[in-house]
Amino acid sequence: MLPIAIGGDDAATGLKDTLVEFLRNKGLEVKDYSDTGNIYPDIAVYLAEQIVNGAHERGILLCGTGIGMSISANKVPGIRAALCHDNYSAERARKSNNAQIITLGARVIGPELAKSILTSWLASEFEAGGSAPKVERIQYYDKKFHKHTATGN
């Protein structure tokens, strides 16, 4: 398995550090991209590009609410980033939408809930089935409006 990418801005440093330790204690390799920009859009886009380029299969982005990171990461062609603040949404982000990135808000959820949400997200895989045509349509629109050739992982 490729390392999990993580990035957070100054509003999320504490939660990001907690999650890095949590993931490493689970035996997972983690690459921190928090220093790749001064503001969250730069961090989000850089991390998302690493996923599209194949350095990582999954990424975690954190800011105050998770909203800015989600919006920014989704600007990268081929990326599906989902803002999740509960376990069910995190699970469905993977199973139904094949989201490669989860975004979390450090000012919205606490560390224990964040760990639980990440555990649900990491344990979930894309189920395809009835969701496959929907994800294919998302990819169609992504290509239509971005005019790119990325595979979308």
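What counts and how
- Residues numbered from 1 in each chain as written.
- Predicted model: local features only at pLDDT ≥ 70, side-chain atom pairs only at ≥ 80, totals over all residues.
- Heavy atoms only, no water.
- UniProt positions renumbered as here; feature names shortened; annotations may be inferred.
- Helix = DSSP H or I, 4+ residues; strand = E, 2+ residues; numbered from the N terminus.
- Rg over C-alpha atoms; globule rule 2.2 N^0.38 Å.
- Salt bridge = Lys/Arg side-chain N within 4 Å of Asp/Glu carboxyl O.
- Buried < 20%, exposed > 50% of the residue type's maximum accessible area, 1.4 Å probe, protein only.
- Expected span 1.5 Å × (residues − 1).
- Contact = heavy atoms within 4.5 Å.
- Arc of directions from axis to C-beta.
- Core = buried A, V, L, I, M, F, W, Y, C linked by side-chain atoms within 4.5 Å.

Under an unreviewed UniProt entry, the protein chain has the name Ribose 5-phosphate isomerase B and belongs to Sodalis ligni. As recorded by UniProt, the Sequence similarities (unreviewed entry) comment attached to the protein chain reads in full: "Belongs to the LacAB/RpiB family."

Draft legend 1. Looking closely at the overall build of the protein chain. Along the protein chain, the regular secondary structure elements total six helices and five strands. For the protein chain, the α and β elements follow one another from N to C terminus as β-α-β-α-β-α-β-α-β-α-α. Relative to a compact globule of 153 residues, whose C-alpha radius of gyration would be 15 Å, the protein chain shows 14 Å and is just as compact. C-alpha extents for the protein chain along the principal axes are approximately 40 × 30 × 30 Å.

Draft legend 2. Spatial organisation of the pattern of salt bridges. As enumerated under the stated definition, the model contains nine salt bridges in all. A salt bridge links E91 to K95, with the shortest nitrogen-to-oxygen separation between them at 3.8 Å. Here the residue E91 and the residue K95 both occupy positions in helix α4 (residues 87–95), the gap between them amounting to four residues, near one helical turn. The partner of E112 in a salt bridge is K115, and the shortest N-O contact between them spans 3.1 Å. A residue pair is termed a helical-turn pair when its members lie 3 or 4 positions apart in one helix, as E112 and K115 do in helix α5 (residues 111–123) at three residues. In the salt-bridge network here, residues are joined through shared partners; they are E91, R92, K95 and E127.

Draft legend 3. View of unusual backbone geometry. Within the chain, N98 stands out as a residue other than glycine whose phi angle is a positive 50 degrees. Secondary-structure assignment places N98 in the loop between α4 and β5 (101–105). Judged by its relative accessible area of 14%, N98 falls in the buried class.

Draft legend 4. Spatial organisation of α5. Helix length check: α5, at 13 residues, gives a terminal C-alpha distance of 18 Å against a target of 18 Å (1.5 Å per residue), a fit within 8%. Within the sequence span of α5, burial applies to A114, K115, I117, L118, S120, W121 and L122. Those residues of α5 that are buried lie in contact with β1 (4–8), α1 (13–25), β3 (59–63), α4 and β5.

Draft legend 5. Spotlight on the environment of G129. In this structure, G129 sits in the loop between α5 and α6 (132–146). According to the relative accessible area criterion, G129 is exposed, its value standing at 55%. Taking the C-alpha atoms as reference, G129 lies 9.8 Å from K95; in sequence the two are 34 residues apart.

Draft legend 6. Region of the structure containing α1. Taking 1.5 Å of rise per residue, 13 residues should cover 18 Å, and α1 covers 18 Å from first to last C-alpha, within 8% of that figure. Restricting attention to buried positions, one finds in α1 the residues L15, K16, L19, V20, F22 and L23. One side of α1 carries all its buried residues, which in axial view fall inside an arc of 165 degrees. Exposed side of α1, more than 90 degrees from the buried face: E21 and N25 are the residues found there. Against β1, β2 (30–32), β3, β5 and α5 lie the buried residues of α1. Phi turns positive, to about 85 degrees, at G27, one or two residues after α1.

Draft legend 7. Structural view of the nonpolar core. Grouped together as the largest cluster of nonpolar side chains are 24 residues, with contacts concentrated most on L19, I60, L62, I102, L104, L118 and W121. Listing elements by their share of this core, those giving two or more residues are β1, α1, β3, α4, β5 and α5. In terms of nonpolar packing, the next biggest core, distinct from the first, is built from 15 residues, L47, I51, C63 and A81 among them.

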